[in-house]
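Listed below are the residues making up each chain.
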Amino acid sequence: MFVAVEKKTNEPLPFSVETEGIDYIDLSEYSLPDKSIPYLLGEKISRKFEMLALEKNGNELLLAMKDPKNIFAIDSAALITSLDIKPVLVDAEKLMQKMDEVFYTQKQEQTVISQAVLEIDEKEKEQEKEREKKAESPTVYKEMLGNILISQNAIDEEQLEKALEIQKKSDLPLGAILLREGYINKQQLLSALEEQTGISYFDLNGVEIPDDVIKLIDKKLAYTYTLIPVKIENEFLYVAMSDPVNIYAIDDVRLATGYEVKPMLADGDLIIEKLEAIYKQEIEEEPENEQIEEIDFENEFEKVKEEIEIEVKKEEQVEKTINISDVENAPIVRLVNMIFKSAIDKRASDIHIEAYEDCVMIRFRIDGQLVEVMKQDKKIQQILVARIKIISGLNIAEKRIPQDGRIALKINNKNYDFRVSTLPTMFGEKVVIRVLDKDGFNKTKNELGFFEDDLVKFDSILSHPHGIVLVTGPTGSGKSTTLYTALRELCKPNVNIMTVEDPVEATIRGVNQVQVNVKAGLTFASALRAFLRQDPDIIMVGEIRDRETAEIAIRAAITGHLVLSTLHTNDSVSSIDRLIDMGVEPFLIASSLVGVLAQRLVRRLCPKCKQEYIAKEHEMKILKLSEETKIYKPAGCPECNGSGYKGRIAAYEILTISSEMRELISQNAPIETIRQLALQNGMRTLSDSCTRLILEGITSLEEMMSVVSINE
Ligand SMILES: [Zn+2]
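Residues numbered from 1 in each chain as written. Predicted model: local features only at pLDDT ≥ 70, side-chain atom pairs only at ≥ 80, totals over all residues. Heavy atoms only, no water.

A.B. asks: How should I be thinking about the pairing of strand 3 (residues 84-89) in this particular structure?
C.D. replies: Where a strand is regular, its side chains alternate between the two sheet faces. The pairing of strand 2 (residues 60-65) with strand 3 spans six bridges and is parallel. Bridging from a neighbouring strand, Leu61 pairs with Ile85 of strand 3. With helix 2 (residues 71-81) bridging strand 2 and its parallel neighbour strand 3, the resulting β-α-β unit is right-handed. (Pairing = 2+ DSSP bridges. Helix = DSSP H or I, 4+ residues; strand = E, 2+ residues; numbered from the N terminus. Right-handed = clockwise from strand over helix to strand, strands pointing away.)

In structure tokens form, the structure reads like this:
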């Protein structure tokens, strides 16, 4: 039962016929039992709909509302919280006051809530920023740090005020400011954090951590969240953490180690100190072996192949077991290095290592096309795959189930990330390695290949303060590159951008990126729900695949956020149909959608060898030409590995939603009608865009045919 719902008989209630049967609460006499509850909806949503989450009781949420009959508001609250909503009537003015009170005091300390980092030196600031990006977390605290320190008589109200004042300007965590100003000492801060989190302080001083425990967690994870594993006891992994209630951190550790985690509160400085000591030692012990040296590919290859033959024979004698240390020193290392280097040199996006009955084939995907690069003796398959599994941190003994891993390599003095996935097939494990060229996503808007007029449209779509923007196209059509470029443009110090992606393909400084983790229950939809409580301005959802995600994304767009996402549809207008198919109400789409960008990648003709010719009659028809026109076709030269193409460029179709179109969408008008209107409004289709690229000699007609259907 809700204790708070009590009608006061001696007070005239603002009931009207409209609100009869709904309880009334006098907010001026009400105090929240749990201050984190309003954050179930977050400030933006609460203010937008003039409602405030008060209490949670089981699966029911008590919701103070100015207008308890506002179905749309109730619906939004239900969607965001997944709770049953029990609305109560409140006085509008008192509601505003309560909101100011609730969100004002908490806003001051939000940085502390999400970090609880103890002290930041100048030196650490850089590291801190890096961590922030990932570690911005759905941390739940019962009480505010400032209040606890006051109740412990560590500081007084005046000091808190001063610190909050400084925090407004400096962006530092409250704890760090209080320390710096000399209001509290570290002991006091830790004891307050102890009370705040309900987790006891653990003193890392002089603690010996066994090697095998340290190795459970990789360096990056440890630094990202400022944590260190300490011991294993009764099947639990005890982890010293600067923010021991960071759910993401705990989840990540659990997933990485397979252990249930017992978090312990520790001094962040001491954790970093310990980590530095451990990893410094390691760096000294381990010479750089990740750097791939320059290799004369052609000459080396024959030699390596022979050595491998010998190696394989040796392997066969020892009952096909693979010893890691043997492999480390084997020529296979050089072969694998060569494969990576060659893939980078040839601008491949993927490396496929395929097991066939009698051979192992290596193919690269270059400009979207698979190209065979070498065929190897079946015998080397096992050690080749084993080597790749070792460097990507996979279990080499496990060959029956698919595995995923990552490799970071320095090639030609540039850092590359590779995502590795293995799959058992009929004749052995198939390995696909995706090259994550971080710089590949690092394009400027002008490099995306927009025509001048398209760029103007794209800019105007992105300049909407709220609404949903969709990028559509099949896998590998460059949607991510477009989204990353847009986000980088939108990223400003005063804008909170949050993304949920699967996978996070590149990191963007200043953007909070979250990796989907289905096993841990972190889906597109659940991350979106959490985002809405974190006061974002711009949200990027990697992909809308289901109704739930679609609805929350659209709801977020309606409530004042700019939402970017992708959909799998063939053209821009079809995305409206796709959303309706998913079960989204047409009026919601009409009121939220601001623009759709459909795109495809076509290969660029190699400028060295492209051949000019006069378009044939049927080609003129496709290109809608009425007079003789010169266009180009591919030929092939050493420069382009004989393919006739080099690099790719995007073709776009940009749909901007006019008010007339909104009307049609909300009436659930046939998609053809909407398309006609879009064309009338001057939308250029994908084939128009391709035609333009052909006429400018950038691509060929065959490329156009491969990405768009021509009977339109
Ligand atoms: Zn060429």
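Moving on, there is more to tell.
A.B. asks: How should unusual backbone geometry be read in this particular structure?
C.D. replies: In most cases, non-glycine residues show a negative phi, while peptide bonds are predominantly trans. Of note, the amide linkage connecting Asp502 to Pro503 takes the cis form, showing an omega dihedral of 0 degrees. Secondary-structure assignment places Pro503 in the loop between strand 15 (497-501) and strand 16 (512-515). Backbone geometry at Arg347 places phi at a positive 60 degrees, although glycine is not the residue there. Looking at the secondary structure, you find Arg347 in the loop between helix 16 (331-345) and strand 8 (348-355). On the basis of relative accessibility, which here comes to 39%, the residue Arg347 falls in the partly exposed class. (Buried < 20%, exposed > 50% of the residue type's maximum accessible area, 1.4 Å probe, protein only.)

A.B. asks: For this particular structure, what's the right way to read the coordination of the zinc ion?
C.D. replies: Any two of four tetrahedral donors ideally make an angle of 109.5 degrees at the metal, while pairs among six octahedral donors ideally make 90 or 180 degrees. The coordination sphere of the zinc ion contains the protein donors Cys606 (SG), Cys609 (SG), Cys637 (SG) and Cys640 (SG), at a distance range of 2.3 Å. Around the zinc ion sit four donor atoms, and with donor-metal-donor angles ranging over 106 to 113 degrees the site reads as tetrahedral. Sequence positions of the residues that donate to the zinc ion give the spacing C-x2-C-x27-C-x2-C. A residue pair is termed long-range when its members are at least 10 positions apart, and Cys606 in the loop between strand 19 (593-605) and strand 20 (611-614) and Cys637 in the loop between strand 21 (630-633) and strand 22 (645-656) qualify at 31 residues. The same class applies to Cys606 as to Cys637, namely buried. (Donors = N, O, S within 2.8 Å, 3.2 Å for Na, K, Ca; no water. Tetrahedral: all angles 85-135°; square planar, octahedral: opposite > 155°, others 65-115°.)

A.B. asks: Would you mind going over the sheet that holds strand 3 with me for this structure?
C.D. replies: Sheet strands pair via backbone hydrogen bonds, and the direction of the pair is either parallel or antiparallel. What the three strands build is an open sheet, ordered 1-2-3; its pairing is mixed. The open sheet has two free edges, formed respectively by strand 1 (51-57) and strand 3, since each of these has just one partner strand. Neighbour to neighbour, the strand axes of the sheet diverge by 30 degrees on average, direction disregarded. Its contacts with the sheet place helix 2 against strand 1, strand 2 and strand 3, and it is angled at close to 140 degrees to strand 3. (Axes fitted to C-alpha atoms, helices over the stretch in contact; angles between N-to-C directions. Contact = heavy atoms within 4.5 Å.)

A.B. asks: Got a minute to help me understand the pattern of salt bridges in this structure?
C.D. replies: When charged atoms on two side chains of opposite charge get close, those side chains can pair. Enumeration over the complete set of coordinates arrives at 34 salt bridges. With its nearest N and O atoms 3.2 Å apart, the salt bridge here joins Arg675 to Asp571. On the criterion of sequence distance, the pair formed by Arg675 in helix 26 (residues 671-680) and Asp571 in the loop between strand 18 (562-567) and helix 22 (574-581) is long-range, its members being 104 residues apart. Here Arg675 falls in the partly exposed class, since its relative accessible area comes to 21%. (Salt bridge = Lys/Arg side-chain N within 4 Å of Asp/Glu carboxyl O.)

A.B. asks: What am I meant to see in the side chain of Thr472 here?
C.D. replies: Here Thr472 shows up in strand 14 (residues 467-472). Polar contacts involving the side chain of Thr472 include one to the side chain of Thr569, which spans 3.5 Å. (Polar contact = N/O pair within 3.5 Å; in protein donor to acceptor, adjacent residues only side chain to side chain.)

A.B. asks: Looking at this model, I keep getting lost on the sheet that holds strand 5 (residues 236-241). Mind explaining?
C.D. replies: Spatially, 4-5-6 is the arrangement adopted by the three strands of the open sheet, whose pairing is mixed. Looking at which strands have only one partner, the edges of the open sheet turn out to be strand 4 (227-233) and strand 6 (260-265). Between one strand and the next, the sheet's axes are offset by a mean angle of 30 degrees, whatever the strand orientation.

A.B. asks: Sorry, what's going on with the confidence of the model for the chain here?
C.D. replies: Residues shown with low pLDDT carry predicted positions that ought not to be read at fine detail. Here the chain averages 82 in pLDDT, and 83% of its residues register 70 or above. Confidence over residues 108-124 falls short of pLDDT 50; this stretch has 61 contacts with residues more than four positions distant or in other chains. (pLDDT = per-residue confidence, 0-100.)

A.B. asks: For this particular structure, what's the right way to read the packing of helix 2 against helix 21 (residues 547-558)?
C.D. replies: Helices that pack against each other are described as a pair by the angle of their axes relative to one another and the distance between those axes. Contact pair helix 2 / helix 21: the axes reach a minimum separation of 11 Å and the direction vectors enclose 130 degrees. Taken together, the axes of helix 2 and helix 21 are oblique relative to one another. In terms of crossing hand, the pair formed by helix 2 and helix 21 is left-handed. Of the residues in helix 21, those in contact with Phe72, Asp75, Ser76 and Leu79 of helix 2 are Glu551, Ile552, Arg555 and Ile558. Its residues assigned to classes, the contact of helix 2 with helix 21 shows four nonpolar, one polar and three charged. (Parallel < 35°, antiparallel > 145°, perpendicular 65-115°, else oblique. Left-handed = near helix turned anticlockwise from the far one by under 90°. Nonpolar A, V, L, I, M, F, W, Y, C, P; charged D, E, K, R; others polar.)

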